[in-house]
Amino acid sequence: HAEPVLSPTWTLAWWRHFGLVDGRKLRAVVVEDGEELVGLLLLSLRTVYLRRAIPVRRVEFLMTGEVEEDEICSDYVGALALPGREEEIAHVLANVLEGDELGPWDDLEFSAMNGEAPFVAALASVLGSRGLRPELEVTGRCPYIALPDSWEGYLASLASAERYVVTRSLRDLEKWAGPGGYALHRAEGPADLEKGWRILTSLHGERWSEKGAPGVFASSRFSRFHQEVMAQLLAGTDGSLDLLWLTVHDEPI
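Presented here is a report on the structure given in the accompanying data block. Just so it is clear, the structure is predicted and the values come from calculations on it, not from any experiment.

Calculation rules
- Residues numbered from 1 in each chain as written.
- Predicted model: local features only at pLDDT ≥ 70, side-chain atom pairs only at ≥ 80, totals over all residues.
- Heavy atoms only, no water.
- Salt bridge = Lys/Arg side-chain N within 4 Å of Asp/Glu carboxyl O.
- Helix = DSSP H or I, 4+ residues; strand = E, 2+ residues; numbered from the N terminus.
- Core = buried A, V, L, I, M, F, W, Y, C linked by side-chain atoms within 4.5 Å.
- Buried < 20%, exposed > 50% of the residue type's maximum accessible area, 1.4 Å probe, protein only.
- Contact = heavy atoms within 4.5 Å.
- Axes fitted to C-alpha atoms, helices over the stretch in contact; angles between N-to-C directions.
- Parallel < 35°, antiparallel > 145°, perpendicular 65-115°, else oblique.
- Left-handed = near helix turned anticlockwise from the far one by under 90°.
- Nonpolar A, V, L, I, M, F, W, Y, C, P; charged D, E, K, R; others polar.

Taken as a whole and judged by the stated rule, the model has 14 salt bridges. Asp106 is the partner of Arg57 in a salt bridge, and the nearest nitrogen-oxygen pair spans 2.9 Å. Taken together, the residues Arg57 in strand 3 (residues 54-61) and Asp106 in the loop between helix 2 (86-98) and strand 5 (107-108) connect sequence positions 49 residues apart. Between Arg186 and Asp242 there is a salt bridge, and its shortest N-O distance comes to 2.6 Å. With a gap of 56 residues between them, Arg186 in strand 6 (residues 182-186) and Asp242 in the loop between helix 7 (220-235) and strand 7 (244-248) connect regions that are remote in the sequence.

This is how it looks when you write it as structure tokens:
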């Protein structure tokens, strides 16, 4: 299964908003077996300046490399690959790199990949066998909870102390809000999306203003990207946008 950030919705929007920044040149590596597509790597080539003075021609995946104030923080980028064909795709990429088919380059920086994906280990091994010196570095972790099928099942899965915290928090919310005083909302249409967007950006801005920072939505490029992607996800047939907000007495909190 492809990661959401490798979908056309995400990748095309990213290129529209970030592709021409910093002189990026689009490079796509397509791996086919007869008429079957077995792998796709979406890359860019650009010049970056180390210590603001030394030009380095860098190859990197799309959806990475933005300046910090615009950064989308796409995660689990990498290759689209049929299961079991990862090493073959890694060899194709290595051949392309050796042949300078992407253009002259000095540095590969493939960040934000899933360290557990088979392609990562395959690529490191293949590049190492070609005389390069790949380095694998853990730059972040993504903890998650495997949720049961029901709320009752989730509560039953918790230790007693954790279950107490959850149930006590809900009682405190109900006591503070009063009977029927709170509600959870979900964007179901364009009007909801517009309202939810205003709430999201407002609450985020308030939170970060307390820390003396503007927050991510101060970047017009960041905001435009997310507005485009959220609208497309909402309009999709799979209901893949979850924009939720909680209100108490009709006031978003």
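Having seen it, we continue.
Bringing the nonpolar core into the picture now. Core analysis: the largest hydrophobic core is formed by 46 residues, its most contacted members being Val29, Leu41, Leu43, Leu93, Phe119 and Phe225. In terms of residue count, the dominant contributor to this core is helix 2 (six residues). Setting aside residues up to four positions removed in sequence, Phe119 forms contacts with Leu41, Phe61, Ala79, Glu86, Ile89, Ala90 and Leu93.

This part is about the packing of helix 1 (residues 8-18) against helix 7. At their nearest, the axes of helix 1 and helix 7 sit 10 Å apart, and the two run at 155° to each other. Classed by the angle they form, the pair helix 1 and helix 7 counts as roughly antiparallel. Relative to helix 7, helix 1 is oriented so that their crossing is right-handed. Residues Thr9, Trp10, Ala13, Trp14, Arg16, His17 and Phe18 of helix 1 form the contact with helix 7, whose own contacting residues are Arg221, Arg224, Phe225, His226, Glu228, Val229, Gln232 and Leu233. Looking at the contact of helix 1 with helix 7 residue by residue, the class counts come to seven nonpolar, four polar and four charged.

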